[in-house]
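Close look at the chain arrangement
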Amino acid sequence: MKVLVIGGSRNIGYFSALRLLNFGATVTFLLRKPQVFDNDESIQNYVRDGRARLVTGDALVKDDVRRAWAEASIGDDGNPVDLLIFTVGPSSGRKYKITQGILNSPPNLVTQSMLNVLEALPPSQPKIITISSTGVTATSRKALPLLLWALYGYLIPQLHRDKRGAEQIYAHITGFSWDTRDNVGPEILEENWVARVPPEGQYKNLVVIRAAMLTDGPSLADKHPEKQAYRVQDGDLGSAYTVSRKDVAHFLVEKVVKHWDEWAGRRVSIAY
């Protein structure tokens, strides 16, 4: 299996990549700073045997994304890239303003990166798994616990607007239901964006995972494999407070990747 990971320097993308490498996949990372893995012996072991490839570049730069797709496809088998894991999130340069919450720079980092990814998409239409958030749309916000509804509304409205821009794209290319009242403006999603993505309703090889508030806790699914560690549901989950990044990675690889036919074309929420 050939995998391209964008947003994999840490957190869900990183934990998912490690699982896939352990599973025998070849994983290509697009990284603004490949030196992030200099002291990571787990990754370096795979770099040495050629199964982890580190491509220097930025998902906001179209040519870098094209180069990452090309690098990820290299191999004697002649097969294309099987899977993209897209976990781009808040940048390291984000700021906080008391009246606006956490501000990303640029404000459309996730949306613009995804546009670049889809514009450079190989004709083979690889599988795509992308991470979003609970509460990202108006309907999803209504399902949030009151505490998170208030916290998200104050702390991360811009970050959610960016993720909502990406979800607007996903709805268009897959045919997911979409309330036009959730449409984002041109500061997030440029006016001619439709021309840069696959035709409406024709890309079914995609799974959107909306995660509850993320924590740095362990993978409960790994610690207690005999139990149901987390809940997953199409649409929105009630009482969805938190989930660890490691458990989202567990679900992404152990459930979605390994049982693709069950999950393809779905938009699901995950929480404890």
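Residues numbered from 1 in each chain as written. Predicted model: local features only at pLDDT ≥ 70, side-chain atom pairs only at ≥ 80, totals over all residues. Heavy atoms only, no water.

In the nomenclature of an unreviewed UniProt entry, the protein chain is known as NAD(P)-binding domain-containing protein of Scleroderma citrinum Foug A.

1. Considering the overall build of the protein chain
So the rule is basically this: In DSSP terms, a helix is any run of H or I states spanning at least four residues, a strand is any run of E spanning at least two, and both are numbered starting from the N terminus. A simple rule labels every residue: compare its accessible area, found with a 1.4 Å probe on the protein chains alone, to the largest value its type can have, and call it buried under 20%, exposed over 50%, or partly exposed in between. We call two residues in contact when some of their heavy atoms are within 4.5 Å. Exposure was quantified through the Shrake-Rupley algorithm and a 1.4 Å probe, taking into account, for residues, occlusion by the shown protein chains and nothing else. Positive charges come from Lys and Arg, negative ones from Asp and Glu, while His and the chain ends are left out of the count. Charge placement uses NZ in Lys and CZ in Arg. For Asp and Glu, CG and CD serve respectively.
In terms of helices and strands, the protein chain carries ten helices and twelve strands. By principal-axis analysis of the C-alpha atoms, the protein chain measures approximately 50 × 50 × 35 Å. Taking all 272 residues of the protein chain together, the buried fraction comes to 51%. In the protein chain, of all internal contacts separated by at least 6 residues, the share reaching a separation of at least 24 is 78%. In the form shown here, the protein chain has an accessible surface area of approximately 12500 Å², with 50% of it arising from carbon and sulfur atoms. Taking the average location of the 33 positive side-chain charges in the protein chain and that of its 29 negative ones, the two points are 5 Å from each other.

2. As for the packing of aromatic side chains
For the record, the criterion: Aromatic rings from Phe, Tyr and Trp, taking only the six-membered ring of Trp, are treated as a pair when their centres fall within 6.5 Å; an angle between ring planes under 30 degrees marks them as stacked, one over 60 as edge-to-face, and anything in between as tilted.
Scanning all chains against the criterion turns up five aromatic pairs. Look at Y230 and F251: their rings are 6.1 Å apart centre to centre, the planes differ by 75°, and that puts the pair in the edge-to-face class. On the criterion of sequence distance, the pair formed by Y230 in the loop between helix 8 (220-223) and strand 10 (231-234) and F251 in helix 9 (residues 245-257) is long-range, its members being 21 residues apart. The exposure class of F251 is buried, given its relative accessible area of 1%. Relative to W263, the ring of F251 has its centre 5.0 Å away and its plane inclined at 90°; by these criteria the two rings are edge-to-face.

3. Observations regarding the layout of surface pockets
Note the threshold: Buriedness of a pocket was judged along seven lines, with at least five required to meet protein on both sides within 12 Å; pockets are open sets of points on a 1 Å grid over the protein atoms alone, cavities are sets where a 1.4 Å probe fits but cannot get out, and lining residues have an atom within 4 Å of a point. Grid points are joined across faces, edges and corners, and a volume is the space filled by probe spheres set on the points.
Counted as a void, the largest pocket has a volume near 1200 Å³. Taken together, the elements giving at least two residues each to the lining of the largest pocket come down to helix 1 (11-22), strand 2 (26-31), helix 4 (109-119), strand 7 (127-133), helix 6 (146-155), helix 7 (157-174) and strand 9 (213-215). As a volume, the second largest pocket reaches approximately 150 Å³. As for the second largest pocket, its lining consists of A221, H224, P225, K227, Q228, A229, Y230, V232, H250 and K255.

4. As for unusual backbone geometry
Of the consecutive residues S105 and P106, the connecting peptide bond is found in the cis state with omega at 0°. When you line up the elements, P106 lands in the loop between strand 6 (101-103) and helix 4. The backbone phi angle of N11 is positive, close to 60°, even though this residue is not glycine. Within the fold, N11 resides in helix 1. N11 gets classed as partly exposed once you look at its relative accessible area, which sits at 24%. The phi dihedral of Q125 falls on the positive side, at around 55°, and the residue is not glycine.

5. A word on the side chain of S269
Threshold: N or O atoms within 3.5 Å of each other form a polar contact, as long as, within protein, one can give a hydrogen and the other can take it, and as long as residues adjacent in sequence are counted only when both atoms are side-chain atoms.
Within the element layout of this structure, S269 appears in strand 12 (residues 267-271). From its side chain, S269 meets the backbone oxygen of G235 in a polar contact 2.4 Å long. If sequence neighbours within four positions are ignored, S269 has contacts with T134, R210, R231, V232, Q233, G235, D236 and L237.

6. A short note on the pattern of salt bridges
Worth spelling out the cut-off: Salt-bridge detection follows one rule: a side-chain nitrogen of Lys or Arg within 4 Å of a carboxyl oxygen of Asp or Glu.
Applying the stated criterion across every chain, the model contains 16 salt bridges. In this structure, D222 and R19 form a salt bridge, with 2.2 Å as the shortest nitrogen-oxygen distance. Of this pair, D222 sits in helix 8 while R19 sits in helix 1, and the two are 203 residues apart along the sequence. Taken together, the salt bridges that share partners define one network made up of R19, D222, E254 and K258.

7. Comments concerning the sheet that holds strand 1 (residues 2-6)
Inclusion rule: Note on pairing: two strands pair once DSSP finds at least 2 bridges between them. Axis definition: a line fit to C-alpha positions, over the contact stretch in the case of helices; interaxial angles, taken between N-to-C directions, run 0 to 180 degrees.
Read from one edge to the other, the open sheet built from eight strands follows the order 3-2-1-4-7-8-12-10, with strand pairing classed as mixed. The open sheet has two free edges, formed respectively by strand 3 (52-56) and strand 10, since each of these has just one partner strand. When strand polarity is set aside, the average angle formed by the axes of neighbouring strands in this sheet is 20°. Sheet topology note: the strand 2/strand 3 ladder contains five bridges and is parallel. Residue T28 lies in a different strand from strand 3, and its bridge partner there is R53. Across the sheet, helix 4 lies against strand 1, strand 4 (83-86) and strand 7, angled at about 170° from strand 4, the strand it touches most.

8. Here's the deal with the nonpolar core
Operational definition: Think of a nonpolar core as a cluster: buried Ala, Val, Leu, Ile, Met, Phe, Trp, Tyr and Cys residues, connected wherever their side-chain atoms sit within 4.5 Å.
Among the nonpolar cores identified, the biggest contains 41 residues, and L20, V27, F29, I209 and L252 are the most heavily contacted of them. Non-local contacts of L20, meaning those with residues more than four positions away in its chain, are made with M1, V3, A25, V27, L83, I85, V253 and V257. In this structure, A59, W69, L109 and Y203 belong to the second largest nonpolar core, which totals 36 residues.

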